[in-house]
Amino acid sequence: MGQATLVEASAAAPPMVRVRGFVKRYRRQVAVEGVDLTVRRGEIYGLIGPDGAGKSSLMKAVAGVLSFEGGGLEVFGHRVDSEASAEGIKARIGFMPQGLGLNLYAELSVEENIDFFAQLRELSAGVLAERKQKLLAMTRLAQFRDRPMKHLSGGMKQKLGLICTLIHGPDLVILDEPTTGVDPVSRRDFWAILAELLRSQGVTALVSTAYMDEAARFHRLSLMYQGRVLAAGEPEAILEQAPGSVVSVEVEPQIAALRRLGTSFSQVEGIGPRVRVFVPDAPPEAAAERVGATLAGFRLKDLKAGEAELEDAFIALLEKRRLTRISPPASDASYVEGKWGRFDPGAPGGASDGASHGGTGDPVVSIEARGLVRDFGAFRAVDRVSFQVRAGEIFGLLGANGAGKTTVIKMLTGILPPTEGEGAVAGADMRRAGQAIKARIGYMSQAFSLYQDLTVLENIRLYARIYAVPHRHLRARIDWVVEMAGLAGVTGRLTGRLPMGIRQRLALGCALVHQPRVLFLDEPTSGVDPVGRRRFWEILIQLSRAERVSILVTTHYMSEAEHCDHLALMYAGRIIADASPEAMKADLQATAGQLLEVASDRPLVALERLQRGGYAGVALFGRRVHLLARDVGAAIPAIRRELTAAGLREISVTPRAPTLEDVFVYRIMAMERQAREGIQ
Amino acid sequence: MKWRRTWAVAWKEWREVMRDRLFFAMAFVVPSMILLVLGYGLSLDVENIPFAAIDYDKSALSRDYLHRFIDSRYFDYRGEARNVQQLDRLLAASRIRFAIIVPPRFQERLAASRPVAVQSLIDGVFPYRTQVSKGYVAAINADFSAHLLTDAIAQRQGIPRARARQFVTPIRLDARYLYNQAIRSRWSMSSGLIMLVLMVSPPFLTALGVVRERENGSIYNIYASTVSRGEFIVGKLLPYVVISAMNIFILWGFAVWLFGAPFKGDPLFFFTASLVYVICTAGIGLLVSLIVRTQAAAALLTMVITFIPAMLYSGLLVPVESMGRETQIEAHLFPTLYYLRIVWGSFLKGLGWPMLWGNVAALVAYAAVLWSVGFLSFHKRPRQ
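Residues numbered from 1 in each chain as written. Chains lettered and ligands numbered in written order. Predicted model: local features only at pLDDT ≥ 70, side-chain atom pairs only at ≥ 80, totals over all residues. Heavy atoms only, no water.

Would you mind showing me how to read the pairing of strand 11 (residues 244-252) of chain A here?
Residues in a regular strand point their side chains to alternate faces of the sheet. Residues and elements named next belong to chain A. In terms of residue burial, strand 11 counts as a mostly covered element, since seven of its nine residues are buried. Sheet analysis places strand 11 next to strand 13 (residues 274-280), joined by seven bridges and oriented antiparallel. Paired with Val 247 across the strands is Val 277, a residue of strand 13. For strand 11 and strand 14 (residues 299-307), the ladder comprises seven bridges, and the chain directions are antiparallel. In the sheet register, Val 247 faces strand 14, and the bridge partner there is Ala 305. (Buried < 20%, exposed > 50% of the residue type's maximum accessible area, 1.4 Å probe, protein only. Helix = DSSP H or I, 4+ residues; strand = E, 2+ residues; numbered from the N terminus. Pairing = 2+ DSSP bridges.)

Below is the structure:
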């Protein structure tokens, strides 16, 4: 109780961190330019932004492990401006650098890792034993004490990293992208543990993330982009800086609707069969009206309007500051079907080849996996994976790092032979026709696989030759790639010097230069900023809708999964859910109940009460608590009663639409529960 | 300096090396491999030189002459060739390294006291071997000539052959080989290679160990904690010094038992001096780790800056005294020179502290400089 009050009365407390006009340069390149920041005692402060925003530099400087060129920094009221003065704060700080488990020692066991960190901090044996016990129990790692770190899953590594950072009882923890690449359950787990620590030990946290949808986890945050702070404050306050609403509607024909909307609104996306529009400076009702008016003459279904998300605000703020220009996806003319691309419908591996797989009237199956298994020694990386991707469909393969996504792609593209099972891509059997498959597919790997020392044009030409594009089509294909990927101004530039977003589109263009009917994208958007990500998805939607290209994409961004027509979630090598995003959400509501958001003046108390009250899926999101309830009509008054009895005020309980993350967390937990019961 | 924290770093490092198969191999297998491969392969003895001959004379004397070569342990007779063209082919294919052509009427002309020219074709591709081969050929030829002369004088003057021999070679060379009585290059090479291995292996391990932490990001555990840089450096390098100290014993064992090199000196002196040497070379690794960012670069740079001095400037292949003036100065800048003196002094000459202390002092000074520079350039709050 006492601690909880401390958090909420934090405004009066002296700041833990005070940053003024912070500047960090690497040689001539400016990484952070004039950032101000104040972290108060007892809060979880967030730094949100894409790669290269300057988050890591700032955090390292605050941890006293990186020098900086300008501005002032005070930690615990102690000035940090030299190596010697930085030493003065380190006893009270815990720092976890970026990279899942990379700061841990692979060869040492869980316990040995913890003991090493404790010895560095000269912890007495008694204190160590007590804290270790408590933290291992809290993170549910106690039974893995003797397991070498290298054999832990991503989520377990992350929790071990957290224990090691906390073992000496720091007052301030600095965590650099602790949730990147971790499965959604572990992510939630992580936030719950952090909230619990905050409650029980009064730890202050400075945490960075590249996931915009994690904003609600922070008390306050700074939105960073290219070394500057775009906005700072409480999540709600940031949304208010770029007010607006989001309208979502199912529309036919989608491509033409996107084009029409693009002329009036800057943030327009195609999501599954729907379009999603951000309408600035308008309450939901007015926004819905404006979108409806713009789309007059189209067949509209299920028009919904609601609050904007942080990513919308982020992009709107970028536009306001004129840091980016959100152009309509491509030139207007390019949206005319057929003209945009010059696909030859009779090309080998075209839609007609696959027709035999489906019955008459069935959409054509472009990719099919049947019981794929892959073992690496004793380790089963992929376990009986089956799915189908139809022509013109965007299929998302989701999962944490190490779930087996890349291995599946490698098997389907003929790079890796499967241990068991079979697959067909674009009508060719994966085992027998490895070479034939390669001519029919485009593949873009995590690393983009571009030649950094070649120019943009040289890269495209190289890929065209590798894929044996006939000489007479070469010119046309290169022009097509340049236009499609929006590379017109940069064809002569060296690839290595281009921003990540452009490199990504170039890699996509190179994968498409030989007109494949099937496209494999392996984590294509990791590290790309939201603007680049949206642009990329616009191209993918266009390819699938207008060109009927089948796209299999892997990602660990849950928000991206919404764009897919069909999803499969992988967990520990297996597919544990396979449906469309809408169907998955509907299924969650049918089986687990409605998602309720509970706001109150003392969220930590509310969290504890609701957990004890036996509700499902209780989790803290910033200052609000989420939970699942089967019978909403009964649950809302019950929750109100319970919290009022506990002396809380300003209580509100509102139903919210579940996100895909909610779906996956529920599915994974159900599976884990099943596994546990199976053992017993 | 708190020993508990230093010990924590050292103990962590030790366990990592022992459990990581690749690192374990680099620590214990690779050093011995270098010694074995180079110890057997890098022999400078010129023996068993393959040769062929043409005997156009086919007399008793010409056979006698050729048998001087055939019976020598330096030569390996591959048979008689039919003609000069065949010799050319054999030389070109490197099947033989030299050839001897005895002209017709060899015996007849010698009996008539007329001079004879025997032709010798020697492969000149590798000058060192060519010179040695030529030396052997010339020596055998001179010996045979002296033999003929002795016979002629004895016969003509009617004196015993021993007396006649004194006339022919009045000065007899009486050579005694010190330290390495059998003049086996294997003795000096196997012991000398300890110098090379201990120059390459400790910095290799050290540089990779430190750079690996930086590459992974686990170095931030050190940066962000209260461990001082001195504690970190000592703790981090200690396991590598211990591993290298163990290697001193292993390599010493190989040299003595496998290659049969004698160890005549003071073992305590040798191991003390060797320990100083590995502390010194580990310091080289520390410096490398501060310059480069990736493990690949660390490995490459370490190889270049340790292997070359150890091979070329230490005196292992070419005596330092025979180098040019500038090269000699360069040679004195590397620790390898001093340690090689210690190695050969201990193994072959049986020397100890009284004769070699100066070299140990040079190594101590070298180590002190390297570690100080390493300490001063290591920062817990770097610029990037």
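Text resumes after the structure shown.
I tried to follow helix 12 (residues 295-313) of chain B on my own but got confused; where do I start?
Side chains that are three or four residues apart share a direction in an α-helix, a result of its 3.6 residues per turn. Residue and element names in this part refer to chain B. Taking 1.5 Å of rise per residue, 19 residues should cover 27 Å, and helix 12 covers 26 Å from first to last C-alpha, within 8% of that figure. For helix 12, the set of buried residues is Ala 298, Ala 299, Thr 302, Thr 306, Pro 309, Ala 310, Met 311 and Tyr 313. For helix 12, the elements touching its buried residues are helix 2 (21-41), helix 8 (185-216), helix 11 (267-291), helix 13 (325-332) and helix 14 (335-349). The first or second residue beyond helix 12 is Gly 315, which carries a positive phi of 100°. (Expected span 1.5 Å × (residues − 1). Contact = heavy atoms within 4.5 Å.)

How should I be thinking about the confidence of the model for chain A in this particular structure?
Detail in the predicted coordinates should be disregarded across regions flagged by low pLDDT. In the predicted model, chain A carries a mean pLDDT of 82, and 91% of its residues have values of at least 70. Under a pLDDT of 50 for its full length, residues 326-362 of chain A has, in the predicted model, 57 contacts with residues more than four places off or in other chains. (pLDDT = per-residue confidence, 0-100.)

Is there a simple way to explain a nonpolar patch on the surface in this structure?
Residues and elements named next belong to chain B. Taken together, the side chains of Leu 300, Met 303, Val 304, Ile 305, Ile 308, Leu 312, Leu 317 and Val 318 define a hydrophobic patch exposed on the protein surface, amounting to about 650 Å² of accessible area. Within the secondary structure, Ile 305 is located in helix 12. Look at Ile 305 and you get partly exposed, because its relative accessible area is 33%. (Patch = residues over 30% accessible without salt bridge, like charges linked within 9 Å, V, L, I, M, F, W, Y side chains within 5 Å. Areas by Shrake-Rupley, 256 points an atom, 1.4 Å probe, with all protein chains shown as cover. Salt bridge = Lys/Arg side-chain N within 4 Å of Asp/Glu carboxyl O.)

Looking at this structure, how should I read the nonpolar core?
Generally speaking, soluble globular proteins have nonpolar side chains that are buried together. In this structure, A:Leu223, B:Phe270, B:Tyr339 and B:Phe347 are the most contacted members of the largest nonpolar core, which totals 154 residues. Counting residues per element, this core draws most heavily on helix 11 of chain B, which supplies eleven residues. For B:Phe347, the contacting residues outside a window of four places in its chain are B:Ser191, B:Ile194, B:Trp252, B:Ala255, B:Val256, B:Ala261, B:Pro262, B:Phe263, B:Lys264 and B:Phe270. (Core = buried A, V, L, I, M, F, W, Y, C linked by side-chain atoms within 4.5 Å.)

Please explain the domain arrangement of chain A as it appears in this structure.
Frequently, the measure chosen for interface size is the accessible area that the parts lose on association. Residues and elements named next belong to chain A. The domain architecture assigned to chain A consists of domain 1 (15-232), domain 2 (238-334), domain 3 (337-579) and domain 4 (583-676). Taking only C-alpha atoms, the centre of domain 1 and the centre of domain 3 are 36 Å apart. Applying the counting rule to domain 1 against domain 3 returns zero salt bridges. Between the two partners, domain 1 and domain 3, sit zero residue pairs in polar contact (both at pLDDT 80 or more). (Domains from an automatic or database assignment. Polar contact = N/O pair within 3.5 Å; in protein donor to acceptor, adjacent residues only side chain to side chain.)

How should I be thinking about the sheet that holds strand 9 (residues 220-225) of chain A in this particular structure?
Within a sheet, neighbouring strands are paired by backbone hydrogen bonds and run either parallel or antiparallel to one another. Residues and elements named next belong to chain A. Taken in spatial order, the six strands of this open sheet run 6-7-8-3-9-10, and their pairing is mixed. Here the strands that pair on one side only, and so sit at the sheet edges, are strand 6 (93-96) and strand 10 (228-233). Direction aside, the axes of adjacent strands within the sheet are offset by 15° on average. When strand 6 meets strand 7 (residues 172-175), the two strands line up parallel, connected through four bridges. Counterpart to Met 96 in the pairing with strand 7 is Leu 175. (Axes fitted to C-alpha atoms, helices over the stretch in contact; angles between N-to-C directions.)

Hey, could you run me through the packing of helix 8 of chain B against helix 11 of chain B in this one?
Two packed helices can be described by the angle between their axes and the distance between those axes. All names here are of chain B. With their axes 7 Å apart at the nearest point, helix 8 and helix 11 run at an angle of 40° to one another. With respect to helix 11, the element helix 8 is oriented oblique. Helix 8 and helix 11 meet at a crossing whose hand is right-handed. Counting all contacts with helix 8, which are made through Met 195, Leu 198, Met 199, Pro 202, Pro 203, Thr 206, Ala 207, Val 210, Val 211 and Arg 214, the residues of helix 11 involved are Tyr 277, Val 278, Thr 281, Ala 282, Ile 284, Gly 285, Leu 286, Val 288, Ser 289 and Leu 290. (Parallel < 35°, antiparallel > 145°, perpendicular 65-115°, else oblique. Left-handed = near helix turned anticlockwise from the far one by under 90°.)

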